[in-house]
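Reading the structure
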Amino acid sequence: MKKIACLFASLIILACSACGKAEAPYISSEDIQESRQTNESVSNIQEADVPLSGKLTYTNLDSQSSVEEVRSILTKAGIQAIYVDTVLDWAADYNNCMRGCPAFSLVGDFVTIDEAAVDYGEYYPMYTEWYKHNARNYPDVLCRIAAFELVQNNISVNEVITKDNFDCWDENRAWLYTDGDILFGREAEAYEPYPMIDWSDDIIASYFTLFDPIRASEEYSEQEMLQAIQKKWSEHGISFKENNFSLITFWTQSDDKIAVAHAAVLIERNNDYLLFEKTNPLSPYAASKFSSTDDVKQYLYNKMNLEYLKYDFQMGTYIILENDRLL
């Protein structure tokens, strides 16, 4: 139960090749039942508690035309085609695997809805679809990995953290524990690494350095959070190139850590913006259009607040960065 609850919380808040086996080897019926019970016990809130007024134009890239449009936007912004195609392959794999998931309906071409964020439903059916129904023994890509794959050439890291210090080894303390599942696998839990990721040791080290949580001995204000992040990044020589695309990070404080709860990539165009993201570790990829950065910020707040309220958590103080500055 401890493992399932820990995985459940990290997937929600931090939020492939075909498998021939009938069932992922580390998912038992007891695991599924415990996941269902955990899910049911933490999701009992009223819809009125979740503010979702507004409009959103988005796609889950489940059509050829939407994939071609998003690919054109990302590459024209300056993102290397090899990185774009890699992430779009991940998205296609996800959609092919999860198209039958009862928690949501994948959107093909861009649509506009009268909501400020998309609720992709409860964790349990997504968990069951990915691991049990589709017989996968590796976790799916999460938001930080998808964003970093796209913008990796835009980021320089001079002083990387050594592998022994990556924040992914201790399930009780590590914010990036699930990132470790995806990139390294877990022999003790029979997890394999996500098979469609091919990162060098240097890229992995830069990844864990960039997203390394920051220790906080007391409750931080927004300005104190920003200063702590910029100080940490300066110590590691982390810098960003200025382009028409940028890394978006949503930082929150959880107990004694300031950490990235969500990451995405923002494309600035002539008259609007496109935000590309993996919405959650087991929920779909999405590309959304906005007319201003204020709209982007409001969307990100609504999205994160929806997830926190759904599982009866408090988001608390947060900041949103565009590269190394406030969005």
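This write-up is about the structure you can find in this document. The shown structure was predicted, so the numbers you read here are calculated from the model rather than taken from an experiment.

**Focus: the packing of helix 6 (residues 143-151) against helix 8 (residues 201-210)**
- Where helix 6 meets helix 8, the closest approach of the two axes is 11 Å, and the angle between their N-to-C directions is 120°. Here helix 6 is positioned oblique relative to helix 8, judged by the angle of their axes. In terms of crossing hand, the pair formed by helix 6 and helix 8 is right-handed. For the pair formed by helix 6 and helix 8, the contact residues are Arg144, Ile145 and Phe148 on the first element and Ile203, Ser206, Tyr207 and Leu210 on the second.
- Class assignment for the residues of the contact of helix 6 with helix 8 results in five nonpolar, one polar and one charged.

**Digging into empty space enclosed by the protein**
- Its boundaries defined by the atoms lining it, the second largest cavity holds a volume of some 50 Å³.
- Lining the second largest cavity we find Val118, Tyr120, Thr279, Tyr299, Lys303, Leu306 and Glu307.
- Residue classes in the lining of the second largest cavity are distributed as four nonpolar, one polar and two charged.

**Topic: the packing of aromatic side chains**
- A full pass over the atoms with the stated rule returns 24 aromatic pairs.
- Their ring planes at 80° and their centres at 5.5 Å tell us that Phe148 and Tyr207 sit as a pair that is edge-to-face. Residue Phe148 is found in helix 6, and its partner Tyr207 is found in helix 8; the two are separated by 59 residues along the sequence.
- On the basis of relative accessible area, Tyr207 is assigned to the buried category, the value being 0%.
- An aromatic cluster is present here, built from Phe148, Phe166, Trp169, Phe184, Trp199, Tyr207, Phe208 and Phe211 joined pairwise through their rings.
- Looking at Arg136, its charged tip hangs above the ring of Trp130, at a distance of 4.6 Å from the centre.
- The cationic tip of Lys278 hangs over the ring face of Tyr285; the distance from NZ or CZ to the ring centre is 5.3 Å.

**Description of the environment of Arg173**
- Take Arg173: it is sitting in the loop between strand 3 (155-157) and helix 7 (177-184).
- Judged by its relative accessible area of 48%, Arg173 is partly exposed.
- Sequence separation between Arg173 and Lys257 is 84 residues, and the spatial gap between their C-alpha atoms is 9.8 Å.
- In this structure, Arg173 is in contact with Asp167, Arg215, Asp256 and Lys257, ignoring residues within four places of it in sequence.

**Overview of the nonpolar core**
- Core analysis: the largest hydrophobic core is formed by 102 residues, its most contacted members being Ile145, Trp251, Phe276 and Tyr285.
- Residues contacting Trp251, with those up to four places away along its chain left out, are Ile214, Met225, Ile229, Trp233, Ile258, Ala259, Val260, Thr317, Tyr318, Ile319 and Leu321.

**Regarding the pattern of salt bridges**
- Enumeration according to the criterion identifies 15 salt bridges in this entry.
- Close ionic contact of Asp140 with Lys278 constitutes a salt bridge, the shortest N to O distance being 2.7 Å. Here the residue Asp140 occupies a position in the loop between helix 5 (123-133) and helix 6, and Lys278 occupies one in strand 8 (residues 273-280), the gap between them amounting to 138 residues.
- When its relative accessible area of 2% is taken as the criterion, Asp140 is described as buried.
- Taken together, the shared-partner salt bridges connect Glu242, Glu322 and Arg325 into one network.

**Observations concerning the pairing of strand 9 (residues 283-290)**
- Of all eight residues in strand 9, seven are buried; the element is thus mostly enclosed.
- Sheet topology places strand 1 (residues 56-59) next to strand 9; three bridges connect them, and they run antiparallel. Residue pairing for strand 9: Thr59 is matched across the bridge by Ala287.
- Bridge count between strand 8 and strand 9: seven bridges; the pairing is antiparallel.

**Side note on the pairing of strand 10 (residues 318-322)**
- For strand 10, the buried fraction is high: four of the five residues fall into the buried class.
- Of the pairings in the sheet, the one linking strand 6 (residues 245-254) to strand 10 comprises five bridges and is antiparallel in character. The residue of strand 10 that forms the bridge with Phe250 is Ile320.
- Sheet topology places strand 10 next to strand 11 (residues 325-326); two bridges connect them, and they run antiparallel. Among the inter-strand pairings, Leu321 is bridged to a residue of strand 11, identified as Leu326.
- Once strand 10 ends, the chain turns through two residues before running back antiparallel as strand 11, passing Asn323 with a positive phi of about 55°.

Parameters and conventions
- Residues numbered from 1 in each chain as written.
- Predicted model: local features only at pLDDT ≥ 70, side-chain atom pairs only at ≥ 80, totals over all residues.
- Heavy atoms only, no water.
- Axes fitted to C-alpha atoms, helices over the stretch in contact; angles between N-to-C directions.
- Helix = DSSP H or I, 4+ residues; strand = E, 2+ residues; numbered from the N terminus.
- Parallel < 35°, antiparallel > 145°, perpendicular 65-115°, else oblique.
- Left-handed = near helix turned anticlockwise from the far one by under 90°.
- Contact = heavy atoms within 4.5 Å.
- Nonpolar A, V, L, I, M, F, W, Y, C, P; charged D, E, K, R; others polar.
- 1 Å grid on protein atoms, 1.4 Å probe; cavity = no way out; pocket = protein on both sides within 12 Å on 5 of 7 lines; lining within 4 Å.
- Points joined across faces, edges and corners; volume = space filled by probe spheres on them.
- Phe/Tyr/Trp six-rings, centres within 6.5 Å; stacked < 30°, edge-to-face > 60°.
- Buried < 20%, exposed > 50% of the residue type's maximum accessible area, 1.4 Å probe, protein only.
- Lys NZ or Arg CZ within 6 Å of the ring centre and 35° of its normal.
- Core = buried A, V, L, I, M, F, W, Y, C linked by side-chain atoms within 4.5 Å.
- Salt bridge = Lys/Arg side-chain N within 4 Å of Asp/Glu carboxyl O.
- Pairing = 2+ DSSP bridges.

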